[in-house]
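Breakdown of the fold
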Amino acid sequence: MAGTTQSRAGAVLGIDLAAIVANWRLLRARAGGAECAAVVKADAYGLGAAQVGPALAAAGCRVFFVATLDEGIALRAGFAEAARSGEGVAEEVPPAAIFVLNGAAPGYETELLQHGLIPVLNSLGALEAWGMLSDMLGVRLPAALHVDTGMSRLGLPPAELATLAAEPERLDGVTLTLVISHPACADDPSHELNRRQRDALVAARSHLPTAPASFANSSAIFLGDDYVFDMVRPGAALYGVAPVPGTPNPMNPVVRLDARILQVREIDSGMTVGYGASHRTDRRSRIATVGVGYADGLPRSLGNRGSGYIGDHRVPLVGRVSMDLITFDVTDVAEDLARPGATIELLGARQSVDDVAAAAGTIGYEILTSLGTRYARRYDSAGL
Ligand SMILES: *Cc1c(COP(=O)(O)O)cnc(C)c1O
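Residues numbered from 1 in each chain as written. Predicted model: local features only at pLDDT ≥ 70, side-chain atom pairs only at ≥ 80, totals over all residues. Heavy atoms only, no water.

Observations concerning the environment of Arg 170
With respect to the element layout, Arg 170 can be found in the loop between α7 (158-166) and β8 (174-180). Spatially, the C-alpha atom of Arg 170 lies 7.3 Å from that of Glu 128, the residues being 42 residues apart in sequence. Those residues in contact with Arg 170 that lie beyond four places of it in its chain are Leu 124, Leu 127, Thr 163 and Leu 164. A distance of 2.7 Å separates a polar atom in the side chain of Arg 170 from a polar atom in the side chain of Glu 167. (Helix = DSSP H or I, 4+ residues; strand = E, 2+ residues; numbered from the N terminus. Contact = heavy atoms within 4.5 Å. Polar contact = N/O pair within 3.5 Å; in protein donor to acceptor, adjacent residues only side chain to side chain.)

Encoded structure:
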């Protein structure tokens, strides 16, 4: 990616759309004959739903999941814009289905409908509200139903599922297009909850009208065929996050973050660097300052723990992470490489999103969704 650093921004975020599409194809193949949806909530995990959505749709992805009504509206607009500009899907392809995981906020059901969004109904109350809208319009509106099998988060709890089993007429007003549940521990293949949740979904389906089912997020796709059902819902793995921690990552890397060195300072042994004087040099040192900080989503916990790369040279992040700045010890790197204007790789081939997450004590998901708005974003669609 030579030249990507020519920018007035302090850092360039490169997002490889072709890699996202390749990851989607890989997951689809892994899921055998099941439908492979794409989860693009939180602005496609911070990478831009307006770019990612149309790229995946053009590759054949027909089903998308967002978290909120506003995300659904934005995605629908992104598809329309891509179609207008000729970058997206051909017009004869039917519009993609967009499911809203958090459902409709009470009173906003009509708005979902207006934008062609399908709610994931998470309670009997939500089902009733959607059914009332159906009645009013004299049609059976499509809906997905989320059954809680062990997350204790969203979805029908067991008691509501029992009510629904006893009073199936509650579903009369809607067309059930999908039944989903969500795994709590799929990133730990040995966890016994995986099997229990999967079996609970199978049991729940036996009480519901026939409809396709979906259980697997990224990690659960790798638990085996039993977990695939009719549709899989990967998010993180599309964006390069390792679906099975502790094993080689089969996904293609998607993001690069290259930050420009603003200044290099030569300091004596015994000097300190940054807020709190948390790093003290034990030799004469060169310190490179880079214009990226926690306001750009770089976790503050990377202070004295993170790394950057100049070419193949690892340079340790020393001192605290400031709001807009970080500092690296570049003493061991040749001066002509570690100079103002040169770049330090913060994410890329030498350190993955998962590597940075591990150093920061978090998960790749949080690193991606925290990526800030001050980067110059470069979308690479070569090969699409
Ligand atoms: C976020 C989410 C997903 C995607 O999960 P990943 O672990 O990112 O693959 C799938 N289903 C639901 C209900 C979600 O909330």
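A word on the side chain of Ser 214
Positionally, Ser 214 belongs in strand β9 (residues 213-214). Overall, the relative accessible area of 0% leaves Ser 214 in the buried class. In terms of polar contacts, Ser 214 uses its side chain to reach the backbone carbonyl oxygen of Met 231, at 2.9 Å. Beyond its immediate chain neighbours, meaning those up to four positions away, Ser 214 contacts Leu 178, Val 179, Ile 180, Ser 181, Leu 201, Phe 229, Met 231, Val 232 and Arg 233. (Buried < 20%, exposed > 50% of the residue type's maximum accessible area, 1.4 Å probe, protein only.)

Describing the domain arrangement of the chain
Along its sequence, the chain is carved into domain 1 (31-238) and domain 2 (255-380). Inter-centroid distance (C-alpha atoms) of domain 1 to domain 2 is 38 Å. The largest contributions to the domain 1 side of the interface with domain 2 come from Tyr 45, Gly 46 and Leu 47, which together make up 61% of the buried area. Across the contact surface, domain 1 and domain 2 share zero salt bridges. In the side of domain 1 that touches domain 2, the residues fall into four nonpolar, three polar and no charged. (Domains from an automatic or database assignment. Buried area = accessible area lost by both parts, 1.4 Å probe. Salt bridge = Lys/Arg side-chain N within 4 Å of Asp/Glu carboxyl O. Nonpolar A, V, L, I, M, F, W, Y, C, P; charged D, E, K, R; others polar.)

Quick look at the pairing of β8
By the criterion of burial, β8 is predominantly enclosed, with five of the seven residues buried. Where strand β7 (residues 141-146) meets β8, six bridges bridge the pair, whose relative direction is parallel. Bridge pairing links Ala 144 to Leu 178 in β8. Traced from β7 through α7 to β8, the parallel crossover comes out right-handed. Once the chain exits β8 it traverses helix α8 (residues 192-206) before rejoining the sheet at β9, and the crossover so formed is right-handed. (Pairing = 2+ DSSP bridges. Right-handed = clockwise from strand over helix to strand, strands pointing away.)

Some words on the pattern of salt bridges
Summed over all chains, the structure comprises 17 salt bridges. A salt bridge links Asp 258 to Arg 256; the nearest nitrogen and oxygen atoms lie 2.7 Å apart. Classification of Asp 258 as buried rests on a relative accessible area of 6%. With a relative accessible area of 23%, Arg 256 lands in the partly exposed category. A single network of salt bridges, built from pairs that share partners, joins Arg 256, Asp 258, Asp 312, Glu 345 and Arg 350.

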